[in-house]
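What follows is each chain in one-letter form.
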Amino acid sequence: MRWWLVLITLIASTVTPRAEEIIAGLSTDRFEITSNFVGGSLVVFGTINRDAQTIARAGKYDVAIVVTGPRSDITTRRKARVLGIWVNREAARFENAPLYYATLASNPLEEIAPAASKERFGIGTASMPLEVGGFEPNAASFREALIRLKASDALYFDDVSAVSFLSDTLFTANIALPAIVPIGDFTVDIYAFRDGALIGQTSEAFRVQKTGFEQFMFNLAHNQPLLYGIIAVLLAIFTGWAAGVIFRRD
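Residues numbered from 1 in each chain as written. Predicted model: local features only at pLDDT ≥ 70, side-chain atom pairs only at ≥ 80, totals over all residues. Heavy atoms only, no water.

A. Quick peek at the sheet that holds strand E13 (residues 197-210). In space, the six strands of this open sheet follow the order E2-E13-E12-E4-E7-E9, with mixed pairing throughout. Both edges of this open sheet fall to strand E2 (30-33) and strand E9 (156-159), since each of them pairs with a single strand only. With strand direction ignored, the average angle separating the axes of adjacent strands in the sheet is 15°. Bridge analysis of strand E12 (residues 184-194) against E13 gives eleven bridges, and the strand direction is antiparallel. Across the sheet, the residue bridging to Tyr191 is Gln201, located in E13. (Pairing = 2+ DSSP bridges. Helix = DSSP H or I, 4+ residues; strand = E, 2+ residues; numbered from the N terminus. Axes fitted to C-alpha atoms, helices over the stretch in contact; angles between N-to-C directions.)

If you want it as structure tokens, here you go:
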């Protein structure tokens, strides 16, 4: 770190002193996946610093980490039986919903923070903010269905034993990324509690991206869809012709 950055940091800490603060980081800010990717993880590590004037408190710290992935509109549908056939009937659209949402904690969430804090900061999938487009009288049931479907793909989950304390203030946790992890930017919000009171918070970020040929095809599909479609058709024709030649019976 350059000297002027150190100076700015010291001045800021002098002007706005804080009794306790979280200093945290990630093992990487860019997670690359390839064609043989079957899932992985990255590490969150940090410490809770206390200034010299702060009197030591009784009890232990607790940490909750909320990981939010890229966002998109998600539609949840409910099937109904019509004339003996199952068809989609009712639907609810969740606007700007996270494609990945995980809460990692050092203890059960109800022991870490009161309900008001969990709702305010979205700690836990039950407190995850989801907005339904338009009026939907059965929004709660569609919300439960969305969370259940995402949880079955390991994209929404709560892990109340994921955060480990290596000392009274030093902690670490692994963020699990499934094989179908969405591509895009992720936010990691870290909250420290003691006796149910929030005593510090900070945020980090990382990006999940494809690499190699997969990244080339991903960019092509999103930036030049017409060219991507032409290449896909030509590749299908070539594959069919090659299979006919290989398996041709004389």
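B. Examining the nonpolar core more closely. Core analysis: the biggest nonpolar cluster contains 31 residues, and Ile65, Val67, Ile175, Leu177, Val188, Ile190 and Phe206 have the highest contact counts within it. If you list the elements that add at least two residues to this core, you get strand E1 (20-26), E2, strand E3 (40-50), strand E4 (62-68), strand E7 (101-105), strand E11 (170-177), E12 and E13. Each residue touching Val67, except ones within four places of it in the same chain, is listed here: Tyr100, Tyr101, Ala102, Ile175, Phe186, Thr187, Val188 and Phe206. Core analysis: the next-biggest nonpolar cluster, separate from the first, contains 21 residues, Ala64, Tyr101, Leu109 and Phe193 among them. (Core = buried A, V, L, I, M, F, W, Y, C linked by side-chain atoms within 4.5 Å. Buried < 20%, exposed > 50% of the residue type's maximum accessible area, 1.4 Å probe, protein only. Contact = heavy atoms within 4.5 Å.)

C. Quick look at the side chain of Thr68. Tracing the backbone shows Thr68 in strand E4. Leave out the neighbours within four places in its chain, and Thr68 touches Pro98, Tyr100, Tyr101, Asp185, Phe186 and Thr187.

D. Looking closely at the environment of Phe171. Locating Phe171 in the fold gives a position in strand E11. A C-alpha to C-alpha distance of 5.8 Å links Phe171 and Phe45, two positions 126 residues apart in sequence. Residue contacts for Phe171: discarding those within four places in its chain leaves Ile22, Val44, Phe45, Gly46, Thr47, Ile48, Val63, Val163, Ser164, Phe165, Leu166 and Ile190.

E. Just the pattern of salt bridges, in detail. Scanning the model with the defined rule gives two salt bridges in all. For Asp185, the salt bridge identified is with Arg207, shortest N-O distance 2.8 Å. You can see Asp185 sitting in strand E12 and its partner Arg207 sitting in strand E13, a full 22 residues away along the chain. On the basis of relative accessible area, Asp185 is assigned to the partly exposed category, the value being 48%. (Salt bridge = Lys/Arg side-chain N within 4 Å of Asp/Glu carboxyl O.)

F. Structural view of the packing of aromatic side chains. For the structure shown, the criterion picks out seven aromatic pairs. A ring pair is formed by Tyr101 and Tyr156, whose centres lie 6.5 Å apart and whose planes are at 75°; its orientation type is edge-to-face. Of this pair, Tyr101 sits in strand E7 while Tyr156 sits in strand E9; the two residues are 55 residues apart in sequence, bridging distant segments of the chain. Summarising the burial analysis for this pair, Tyr101 and Tyr156 share the class buried. Three or more aromatic residues joined by ring pairs make a cluster, and in this case those are Tyr100, Phe157, Phe186 and Phe206. Between Arg194 and the ring centre of Tyr61, over which it is positioned, the NZ or CZ distance is 3.8 Å. (Phe/Tyr/Trp six-rings, centres within 6.5 Å; stacked < 30°, edge-to-face > 60°. Lys NZ or Arg CZ within 6 Å of the ring centre and 35° of its normal.)

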